[in-house]
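These are the residues of each chain, in order.
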Amino acid sequence: MSKLTLKTEGDTHVVVTRYFSAPPEAVYRAHIEPGIVQKWMLGPDGWTIPVCINEAKPGGKIRYEWAHPQRGSFFLTGEFVALEPYSRIVHIERMHLPDPTPDNHVETRFAPDGTGTLMTMRMTLPNEQTRAMMLSTGMESGMEASYVRLEQLIASRLARGGAA
Amino acid sequence: MAMSELIHLDQAFGALADSTRRAILARLAEGEATVMELAEPFDMSQPAVSQHLKVLEDAGLVASRVQGAKRPRRLAKVGIDAMDQWLAMLRKALETNYDRLDEVLATMDKEKVEKKRKGEMQ
C-alpha cells in the first residue's frame, strides 16, 4: 500500500519515488521555500529545523540545521546546480555528523500525474562504498526513529516467542 | 519461535546497534569482500574491522569462506534479512516526512482556494 519506493540502481544510485495528490507547482515549492520545508522535512517527532537556507538559483547555498531538545543537532550544507520551475531541481548535499559525508548529487523531478505529481528523486554517490555508508548511516535523525521501531519490533517478537 | 532463534535475534540486534557495523553489512550486501577491502572505504584499521566482523559473525549476520590465505566475508541469510529490514525502515523514515508533506500540501491548496475566493470578492 505504500506510495513510496526506494531502490538502488547500478553501483552508485539510490532512486526514491513518491506520488503526491497536489500539482507539481506546490510540490516543487514545498521542496525549496524554507517556510514550507521547515514544516515537513523534520524526521521523527521532536526535531525542528531552526536554520533553513535555500538560495534557489544555480550555485545558490543550501544549509539546514536540525535540532532536538535532548538529542542535540546536526546540519546539512549544499549548493543548487539547476532549477527548472516546477519540474526539476538538481543540487549537491552533504551531512555534517559532524564530519562531512561525501557529496550526494541529487536530481529531483516533479512530473504531472493525473491531478497530482509523481516525484522521482535520484541520488548519485561517488562510489558504491559511499552509497552503502549512506544507506546504513545516512539520514541520521530518520534512522533513529527507525531504530526505536526496530526495538519495538524485536521486543514484540520476543514477547510473542515467550508466550508460545 | 525457538529459544535459540530468539537469542540469535537478540544478538543480531546488538550487532546492528552500531553504525559502522551497519555500514559493513550494507557494503557486504553489494557482494563478498575481504577485510582489506572492507577496511579501505571506512578509513579503519584492519584489526578494527576484524573486531566488528567478529561481532557480526557471532550474531550470524556474516559468513566467511577460506580462499588461500584470505577469508572473504559475505552476508549470511540472517544478515540479508536484516539489511532488507533496514531498507524498509529507511523507506519508513522517508515516508514520515512525506506524510507530513501531504498535510502541508493540503493546507497550501486550501490557502490558494481561499486567496482566489478573496480575490473574486474584491
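The structure displayed is predicted, hence computed values, not measured ones. (Residues numbered from 1 in each chain as written. Chains lettered and ligands numbered in written order. Predicted model: local features only at pLDDT ≥ 70, side-chain atom pairs only at ≥ 80, totals over all residues.)

**Student:** For this particular structure, what's the right way to read the pairing of strand 2 (residues 13-20) of chain A?
**Tutor:** Side-chain direction in a regular strand flips from residue to residue, so the side chains alternate between the two faces of the sheet. Residues and elements named next belong to chain A. Relative to strand 2, strand 1 (residues 4-9) runs antiparallel, the two sharing six bridges. Within the sheet, the bridge partner assigned to T5 lies in strand 2 and is T17. Here strand 1 folds back onto strand 2, and the loop between the two strands holds three residues, one of which, G10, carries a positive phi near 55°. Across eight bridges, strand 2 lies against strand 8 (residues 116-124) in antiparallel orientation. Across the sheet, the residue bridging to H13 is T124, located in strand 8. (Pairing = 2+ DSSP bridges. Helix = DSSP H or I, 4+ residues; strand = E, 2+ residues; numbered from the N terminus.)

**Student:** Could you clarify how one ought to interpret the sheet that holds strand 5 (residues 72-84) of chain A in this entry?
**Tutor:** Residue and element names in this part refer to chain A. On the basis of which strands lie adjacent, the open sheet formed by eight strands has the order 1-2-8-7-6-5-4-3 and antiparallel pairing. Sheet topology places strand 1 and strand 3 (48-54) at the edges, where each strand pairs with a single neighbour. Here the average twist between neighbouring strands, direction ignored, is 20°. Summarising the sheet, strand 4 (residues 61-68) and strand 5 pair through eight bridges and their orientation is antiparallel. Bridging from a neighbouring strand, K61 pairs with E79 of strand 5. (Axes fitted to C-alpha atoms, helices over the stretch in contact; angles between N-to-C directions.)

From the geometry alone we can't say anything about function, so treat these as descriptive.
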